[in-house]
Amino acid sequence: MLQILNLKQENLVAAKISGKLTEKDMEKMHPLIHNIIEKGHKVDFYFEMEDFEGYTLKGFWEDLKIDSAHLGDYGKMAFVGNKKWQEWAAKATDFFIKSEVKFFDISEEQQAQSWIKS
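Residues numbered from 1 in each chain as written. Predicted model: local features only at pLDDT ≥ 70, side-chain atom pairs only at ≥ 80, totals over all residues. Heavy atoms only, no water.

Trainee: Please explain the overall build of the protein as it appears in this structure.
Mentor: Secondary structure summary: the protein contains four helices and five strands in total. Counting from the amino terminus, helix and strand elements in the protein follow one another as β-β-α-β-α-β-α-β-α. Over its C-alpha atoms the protein spans a radius of gyration of 13 Å, differing by no more than 12% from the 13 Å that the globule rule assigns to 118 residues. With the principal axes as the frame, the protein shows a C-alpha extent of 35 × 35 × 25 Å. Split into buried and exposed, the 118 residues of the protein put 41% on the buried side. In the protein, of all internal contacts separated by at least 6 residues, the share reaching a separation of at least 24 is 71%. Summed over its atoms, the accessible surface of the protein is roughly 6,900 Å², and 55% of this surface lies on carbon and sulfur atoms. Separation between the mean location of the 16 positive side-chain charges and that of the 20 negative ones in the protein comes to 1 Å. (Helix = DSSP H or I, 4+ residues; strand = E, 2+ residues; numbered from the N terminus. Rg over C-alpha atoms; globule rule 2.2 N^0.38 Å. Buried < 20%, exposed > 50% of the residue type's maximum accessible area, 1.4 Å probe, protein only. Contact = heavy atoms within 4.5 Å. Areas by Shrake-Rupley, 256 points an atom, 1.4 Å probe, with all protein chains shown as cover. Lys, Arg positive; Asp, Glu negative; His and termini not counted. Charge placed at Lys NZ, Arg CZ, Asp CG, Glu CD.)

Trainee: Which parts of the structure should I look at to understand the pattern of salt bridges?
Mentor: Between side chains of opposite charge, a pair can form when the charged atoms approach closely. Per the counting criterion, the structure on display carries four salt bridges. A salt bridge links Asp25 to Lys28; the nearest nitrogen and oxygen atoms lie 3.9 Å apart. Note that Asp25 and Lys28 are positioned in helix α1 (residues 23-38) at a spacing of three residues, about one turn of the helix. A salt bridge links Glu62 to Lys65; the shortest N-O distance between them is 3.2 Å. Placement of the pair is Glu62 and Lys65 together in helix α2 (residues 57-70), with a separation of three residues, close to one helical turn. Looking at Lys65, the relative accessible area reads 38%, which means it is partly exposed. (Salt bridge = Lys/Arg side-chain N within 4 Å of Asp/Glu carboxyl O.)

Trainee: Help me out: how do you make sense of the nonpolar core in this one?
Mentor: One broad rule of soluble globular proteins: the nonpolar side chains tend to lie buried together. The biggest cluster of nonpolar side chains holds 21 residues, and the ones touching the most others in it are Phe45 and Tyr74. Only β2 (12-21), α1, β3 (43-55) and β4 (74-81) provide two or more residues apiece to this core. Broken down by element, the residue count for this core peaks at five residues, all from β3. Not counting residues up to four positions away in its chain, the partners in contact with Phe45 are Leu12, Val13, Met29, Ile33, Tyr74, Lys76, Met77, Ala78 and Ile116. Core analysis: the second largest hydrophobic core is formed by ten residues, Leu7, Ala14, Ala112 and Trp115 among them. (Core = buried A, V, L, I, M, F, W, Y, C linked by side-chain atoms within 4.5 Å.)

Here's what the structure looks like:
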């Protein structure tokens, strides 16, 4: 499930994610990304992962399509979670995407929000 958060920054897509992300969840993000790009900004992302289990197959495919279409449009990405595999996934994202990506432990939520807004 994807719940959009409002962190009051024009170029930021912020969300709390839990369970498994589906194709419909990913489709919610695409217009948000386009709105920021149309204003001439790079898109920054802030994700709070709470009981996040990954993706459904269609959700993963939709995420890959969106990311591959917008690789040059992304700025910073902050992942906030509490599981080792989430930290690993953030590092893998950093390897594949030309963005600055950081993982923060859930106890560092405020630092993550400050970093993404800087």
